[in-house]
Structures are given as structure tokens and as C-alpha cells.
Amino acid sequence: MRMLQIHSDGFSFEAKRKALKNAEDLTEKVYKTEDSCLVNFIAAETSDETNVTGAAKTTADMIATAAEEVKETNIVVYPWVHLSETPSKPSTAMKLLKTVTKDLEKRGFNVVQVPFGWYKAFAIHCKGHPLAERSKVLDISKEIAKAADVDVTEGEDLTALQAEEKATSTFYIMETNGTVTAVKDFNFAKYKELKLYVNYETAKDRTAQEPPPHIELMKQLELVDYEPGSDAGNFRWPPRGLTLKKAIEERVTSEMVDYGAHVLQTPLIYDYQHPSLKSYLQRFPSRQYVVKSGDHDFFARFSACFGQFLLASQATISHKQLPLKLFEIAPSYRREQRGELAGMRRLRAFTMPDIHEIVADEEMAKQSVMNQIEFVEKLMNELEVSYEVSFRVLREFYERNTSFMEKIAKRIGKPIMIEVFEERYAYFVFKGEWNVVDAQNKAGCLSTVQIDVENGERFKITYVDEDGKDKYPLILHTSPSGAIERILYGVLEQAYKNMKKGQVPHLPLWMTPVQVRLAPVDDAIVDYCLEIGKTLDEAGIRYEIDDRSQTVGKKVRSAEKLWIPYIAVIGEIEQKSGELSIRRRELKDQVKMSLGDLIREIQNKTTFAPKQRLLLPHLVSKQAIFSREV
RNA sequence: GCCCCAGUGGCUUAGAGGCUAUAGCGGCUGACUUGUAAUCAGCAGGUCGCGCGUUCAAUUCGCGCCUGGGGCUCCA
């Protein structure tokens, strides 16, 4: 919608002849007033077609605001298509104008709507004060994207944004024996990291001057980097990083298969107009990417929820299949505010392993939460990061399920933070979070487990119960490991913290891109290295060969800079003896061992991880340099 | 989104209202064939983030934009 507003002393028009076949019927062809009025020339555009009522309401808002500013009660609504290069269909324009007129009348303005579809003569006399001439532009599809959905007033619930403002909550610490203490009374002496985490959540103590250390590390290790050619918060993954990313994705997927999940893939973009999605968007304060397809607007998914819910709503589900688990590695998009973005901690494009577990009722939900805690803990431990656990619970749920909460605290095995909120501001009544505290004492949430009490019904997901009747289930939303990018953030921040304590920083062996680097002493040994490489490959171990014409010292340095855990310098001695001389990063030692021993040592430490190949050429001389130093 | 800070070859960086804009790493060429964190020499590589303005003159000053970081807000 485009609009030109003129505050005028008097206004008149005369309809001459029809410009459109289906032009409005006229009661009178001439109109004239001497009173002052606010004349609004309005052109409806194609973008208004996605939501005419919304566009009309916003337009009426704009006019009313402008009228109040110039203290005007007389309004003229004048159809004027020539303001736009992308006019809507005439029917849309007519509907928009009629709705705007009615809306303004309801608000108590004197409104004259100039007939639609006629060639007209008109006379206007602009008052000439600073606010007398103004123009307005509205793209209603973008307004929708802001989730400030104008249809909300007609609907039943508030946006989550508004609801969150009202929500009040209280923070406690629950110990493993079930003792609950208010956060301010708890003795944190033995729980330094928990204190840092709680501070971050409650006191909002967030003072950092430096960039988070993981940002520099991720570039130096050539794992992931900014892409200036994309939107902010969208990153590119060179092969080393992609190897690590895929290793994590495969690890989580295999754990989910073990857990009994149905692994699937659903679309990236969804229709704004789909009825279930429309009301779900009101519940989700995150901003969306808008994708245009012809005249239609879609939004990029911000989690796997939609795809899986729509799929589940059409599936035939029996109570015998419950709990039913749907899992997906879901590339997701959230158009976070610029200032909220920070390296791998907060992105606009990220990869979220997302499982939805459909359960019959609260009892089954609680059992499933206990089950899920098992794999969440396992995966978190494999990341080799320290973490703090918190639960956010609706008071009503908490009071009804105190023993359940105590059971969780016992299972977690260390004090946990509990936030009890009075009013439900989102779809969940219960939410567990596994958080890392980074080198700047900021917290980042990785895994999360939530009990959703409203989307079963919203998406018309039903299961057939024993009695043959359709019933709405509860749904657990869970990210078993947290977003892959955020995992990398946690792992790198942990490495940096270790470094500060004087330890050698490292990546977990199972996810590190290159597990073994072979450094031949001279060119003649490269062939022998290739043979060793073949054996490593068969064993599922990722390796590369530094065949560049450089000194051994420099080859070792290069490998150390990339945090490669096993470096084997290979020369004539090794070729003759058949033994390897291995420099082990974590143990800071240098040992002789056979190839078989090396393979066994790595395999023993990585038994749980699926095999992931290195996604770049084995010969370092053939590898492009993307962002590593040497 | 708002407020603050920054942006110099691929990377790290020196510099100053003016004359041919530093240096190291990396790259290329040559020599060396190397034993556990940097071998030597030479060469190439820059519209000093983009646009507009101020000025005789702008990479340097001002404004706007883009990108990154920090704060607010918010989240996997």
C-alpha cells in the first residue's frame, strides 16, 4: 500500500466516466466541502493481497494517527492507483478502501470515500504546514514477518512477545536430595560454574569487552568462517569444519536411531497462510526470513516443528506406537536482531538436531523426559565440556509434580537451577536446559527438553486410544545436543578455558577433522605414507599427509597449529622398523608404537562415533588454504 | 532494531590531511632433501570496507550505508 496524505482546506471532486467495467455505482457524482480535511490518496499493491484485512487495519491506523497529529476529524479516502508500480487487482484495492473507510468510521471520523473505478476531476488546497503533506508505504507481508500479526486482535491469544513481558518468575536451586533454596540464599562455594550461570540468567551480569575467543579459533583451525556475500549470521564451512559438523550430525542421528526415532526430512519454507502455522507464529517471538515465490510469501523454518507437526497430523498414530519419535537434522533460520548475533553462539542460519516425541499424557511425558535425560547427558559428556543444568517450570506444573522434579535433580547428580514462572507465556509448561558457561562467563544453552501442551491440538495431531477414540497428545520438543554451531562454540570456548589454565587445547578426538597427520621426512617417503594412509582409511581414521617440501620442524608446527591430536614423523627409520614415532597432543609426549596400536588407541576412544571421512584431499600439498595460517 | 567501538594485500599488522602506503606470515620461483613448533634468497600481490561531502589535495576529517565486535533486548 502506498499513500499520499494532504491536509487540505476544502475538497471537491466530480466523477466523469467509468475507468473500469465494474466500477462502483454512484449515489452522487459531485461532492464538495469547504471544511478542512485529511485527503488520503491510496494505491493498493500486490503485497497487500497476502493479507487485505491486515493491510487495511494498518492503513487505517496510519490515517488515524496522522489525523490525530493534525487534529483533523474529516477524512477523505481517495483511490489513486498511480502511486504504485505494482498495483494489486482492482478487487483487492476496492476491498482495502472499503475496509479502511468502515474502520475509520467506527473510530468516529467523518469519512468520505471517493468512488472507485472512475475518471474524476478534483480540487484540493494544501494547508502548507509541515505535516500537511506526507507519504506512507506499507508492505503487509513484511509486517507479518515481524510476527506483529495484525490479525491478533481478532484471535484468542496474545503474541508471545507481549506475554513474556508480563511473565514473572522466581529462581531457586534444587539439590540432589530435593532441597530447594532461593537463589540468593544458596551457598555457591562449591559450585563456581553454577554461580556464573545463575548470575548470567538472573543478575544479567554481562560485561565483556573482547570478542569471544572461539571466533578467532574457528578461523585459525579453518573450521568455519564469516561469508561477507551472505546475510549476517550465515557462515561458510570449509572442508575441515564440514567434516567436524557432519561427524557431530551423524553422531546425534545414530543416537536418535538407537532411541527409536523415525528419521526424516521436511521442507525449509512454509506458507504464512496455512491456518495452523499462522496461529503458531503468534506464539513464537522469533523473527523470520521471508521467502518470495511469485506473489506468495513463505517463511524459512526456525525449527523442525512445522514440518514434523504437519506430517504427524496426517499420520495414522495408534496408542501402541506411543511414544512416537520424529527426528530431523534441521537447518533453521531465525532473523535475530543484528546486535544479538555473536560468532557461533548466536546465528541467523544454524543446524538444529530436533526430535519431537509424541506422548499420550503427562505421565508418559514425565517418563519420556527421564529417558531423554539419559541421551542428553551422554551426548553432552561426549562434547567434553562442563555444563550447568536448569529447569524452567510453570508453577502449577511444578506443584503438581514436585516428586518428579526431585527425581530429576537426583538423576542430574548436582545442584540445578529452577525457574518457576507464574503464567504460561509459551507452549511449554516444562523446559530443561543444558548450558555451557563460556570464557567470558556468558551462558549458552545447548540441549533442551520441553513439554508442549498446546501444539497437539493446534496442529490437529491425534492418536487413536485403546477406546478407539481420537485424542490429542502432548509433545516433547527436544534438541538432543543443541545446535551444531553452538556445540562448536561450547567446545572451542572450553578449549580456550583449558588453555588459560595451562592445558593443551584440543577438540574431542571423535569430531576433530584430522585425527592423524603423517609428516614424511623427505619426498621419498611419501609413497610409504600413502600405504599407511590406506590402512588408516580402512580403519575409519581421518588422516592427511604433509607432503610439502618443508623442514620437519615446520611440518610439526603446522600440525600443532591445527590441533591435530596424533602427529607421525616418518622417515627411513620408521620405514625399516615398521614402527611409528607418534607425537600425542593431549599427553604432550612422543612415543613409538605400531600402526595397529595407534589404530586401536584411536578406535577405543571413539567407539561411540559413526565413521566420518575427511572431506578434503589427503595430500596437504593439494589442499587450498582457506583461513588456516600454515 | 537502538547505543558504543572497529574495518589498511589471503591472514596479522605499522602509519599519517600531501610526494613511490609499512612489515611479518602465507603464495610463487630458485637453492637446500631436511628427524619433532618457523632454512635461505628473490618475485608477485593493495581503488587503505562502499558511497557522498569538506578541501588545492582524503585511505586519513564529516555524514550515510555495509560488515564485524561489545552493551540493551532476545535465543538452539
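Description of the structure in this document. Quick caveat, the model's predicted, so the values are computed rather than measured.

1. Focus on the layout of surface pockets
Argument step 1. When its volume is computed, the second largest pocket comes out at roughly 440 Å³.
Argument step 2. Around the second largest pocket, the lining is made up of 21 residues, and of these Pro79, Val81, His82, Gly117 and Trp118 lie nearest the centre.
Argument step 3. Those elements that place two or more of their residues in the lining of the second largest pocket are strand E2 (30-43), strand E3 (74-79), helix H2 (90-106) and strand E5 (118-126).
Argument step 4. The element contributing the most residues to the lining of the second largest pocket is E5, with four residues.
Argument step 5. A breakdown of the residues in the lining of the second largest pocket according to their chemical character gives 17 nonpolar, three polar and one charged.

2. Here's the deal with the protein's contact with RNA strand B
Argument step 1. Around RNA strand B lies a shell of 56 residues, among which Tyr226, Arg338, Arg346, Glu574 and Ser581 are the nearest.
Argument step 2. Restricting the count to atoms of RNA strand B within 4 Å of the protein gives a sugar and phosphate share of 52%.
Argument step 3. In the environment of RNA strand B, a sugar or linking oxygen lies 3.5 Å from a nitrogen or oxygen atom belonging to the backbone of Val552.
Argument step 4. Elements with a contribution of two residues or more to the surface near RNA strand B: strand E16 (349-359), strand E20 (443-452), helix H16 (552-561), helix H17 (572-577) and strand E27 (579-584).
Argument step 5. The biggest single contributor to the surface near RNA strand B is H16, with six residues.

3. As for the sheet that holds strand E13 (residues 290-293)
Whether parallel or antiparallel, the strands of a sheet pair through hydrogen bonds between backbone atoms.
Argument step 1. Within the open sheet, the three strands sit side by side as E12-E14-E13. Their pairing is antiparallel. Both outer strands of the open sheet, strand E12 (269-271) and E13, are each paired with one neighbouring strand and no more. Looking at each pair of strands side by side, their axes are set apart by 40 degrees on average, direction ignored.
Argument step 2. With four bridges connecting them, E13 and strand E14 (residues 296-300) associate as antiparallel partners. Bridging from a neighbouring strand, Lys292 pairs with Asp297 of E14.

4. Things to note about empty space enclosed by the protein
Argument step 1. In the structure shown here, the tally under the stated rule is five cavities of 30 Å³ or more.
Argument step 2. Looking at the largest cavity, its volume works out to about 90 Å³.
Argument step 3. Lining the largest cavity, in full, are Trp510, Gln515, Ala539, Gly540, Ile541, Arg542, Gln603, Thr606, Ala609, Pro610, Lys611 and Gln612.
Argument step 4. Of the residues belonging to the lining of the largest cavity, the class tally is five nonpolar, five polar and two charged.
Argument step 5. In terms of lining, the second largest cavity is formed by Leu221, Leu223, Arg240, Leu507, Thr512, Pro513, Val514, Leu562 and Ile564.

5. Observations concerning the nonpolar core
Argument step 1. With 96 residues, the main nonpolar core has Phe391, Phe430 and Trp434 as its most contacted residues.
Argument step 2. Among the elements that take part in this core, helix H10 (residues 362-382) stands out by supplying eight residues, more than any other.

6. Quick look at the pairing of E3
Argument step 1. Most of E3 is tucked away, with six of its six residues classed as buried.
Argument step 2. Here E3 shows a buried face lined by Asn74, Val76 and Tyr78 and a second buried face lined by Ile75, Val77 and Pro79.
Argument step 3. In terms of strand pairing, E2 meets E3 through five bridges, oriented parallel. If you follow Asn40 over to E3, its bridge partner there is Val77.
Argument step 4. You can see the chain leave E2, run along helix H1 (residues 52-69) and come back into E3, and the turn it takes is right-handed.
Argument step 5. Where E3 and strand E4 (residues 110-113) come together, four bridges link them in parallel fashion. Along E4, the bridge assignment pairs Val77 with Gln113.
Argument step 6. Where the polypeptide runs from E3 across H2 and back to E4, its parallel neighbour, the crossover connection is right-handed.

7. Some remarks on the sheet that holds strand E28 (residues 589-594)
Argument step 1. The strand order across the open sheet formed by five strands is E25-E24-E26-E27-E28, and the pairing between neighbours is mixed. For this open sheet the edge positions go to strand E25 (543-545) and E28, each flanked by a neighbour on one side alone. Averaged over all pairs of adjacent strands, the angle between their axes in this sheet comes to 25 degrees, without regard to strand direction.
Argument step 2. Taken together, the four bridges between strand E26 (residues 566-570) and E27 define a ladder with antiparallel strand orientation. Bridge pairing links Tyr566 to Arg584 in E27.

8. Considering the packing of aromatic side chains
Argument step 1. If you walk through the whole model with that rule in mind, you get 30 aromatic pairs.
Argument step 2. Between the aromatic rings of Phe13 and Tyr31, the centroid separation amounts to 5.8 Å while the plane-to-plane angle is 25 degrees, which identifies the pairing as stacked. Of the two residues, Phe13 sits in strand E1 (residues 2-18) while Tyr31 sits in strand E2, which places them 18 residues apart along the sequence.
Argument step 3. By relative accessible area, Phe13 is classed as buried at 5%.
Argument step 4. An angle of 80 degrees between the planes, with centres 5.7 Å apart, marks the rings of Tyr427 and Phe428 as edge-to-face. The burial state of Tyr427 is the same as that of Phe428; both residues are buried.
Argument step 5. Site record: aromatic cluster; members linked through ring pairs are Phe11, Phe41, Tyr78, Trp80 and Phe122.
Argument step 6. The ring centre of Trp237 lies 5.6 Å from the NZ or CZ of Lys245, which sits over that ring.
Argument step 7. Lying across the ring of Tyr259, Lys325 places its NZ or CZ 4.0 Å from the centre.

9. Let's talk about the side chain of Ser447
Argument step 1. Take Ser447: it is sitting in strand E20.
Argument step 2. By relative accessible area, which is 0% here, Ser447 ends up buried.
Argument step 3. Polar contacts involving the side chain of Ser447 include one to the main-chain carbonyl oxygen of Pro480, which spans 2.7 Å.
Argument step 4. Those residues in contact with Ser447 that lie beyond four places of it in its chain are Val376, Met380, Gly432, Glu433, Trp434, Ser479, Pro480, Ser481 and Gly482.

The rules we used
Residues numbered from 1 in each chain as written. Chains lettered and ligands numbered in written order. Predicted model: local features only at pLDDT ≥ 70, side-chain atom pairs only at ≥ 80, totals over all residues. Heavy atoms only, no water. 1 Å grid on protein atoms, 1.4 Å probe; cavity = no way out; pocket = protein on both sides within 12 Å on 5 of 7 lines; lining within 4 Å. Points joined across faces, edges and corners; volume = space filled by probe spheres on them. Helix = DSSP H or I, 4+ residues; strand = E, 2+ residues; numbered from the N terminus. Nonpolar A, V, L, I, M, F, W, Y, C, P; charged D, E, K, R; others polar. Near = heavy atom within 4 Å. Polar contact = N/O pair within 3.5 Å; in protein donor to acceptor, adjacent residues only side chain to side chain. Pairing = 2+ DSSP bridges. Axes fitted to C-alpha atoms, helices over the stretch in contact; angles between N-to-C directions. Core = buried A, V, L, I, M, F, W, Y, C linked by side-chain atoms within 4.5 Å. Buried < 20%, exposed > 50% of the residue type's maximum accessible area, 1.4 Å probe, protein only. Right-handed = clockwise from strand over helix to strand, strands pointing away. Phe/Tyr/Trp six-rings, centres within 6.5 Å; stacked < 30°, edge-to-face > 60°. Lys NZ or Arg CZ within 6 Å of the ring centre and 35° of its normal. Contact = heavy atoms within 4.5 Å.

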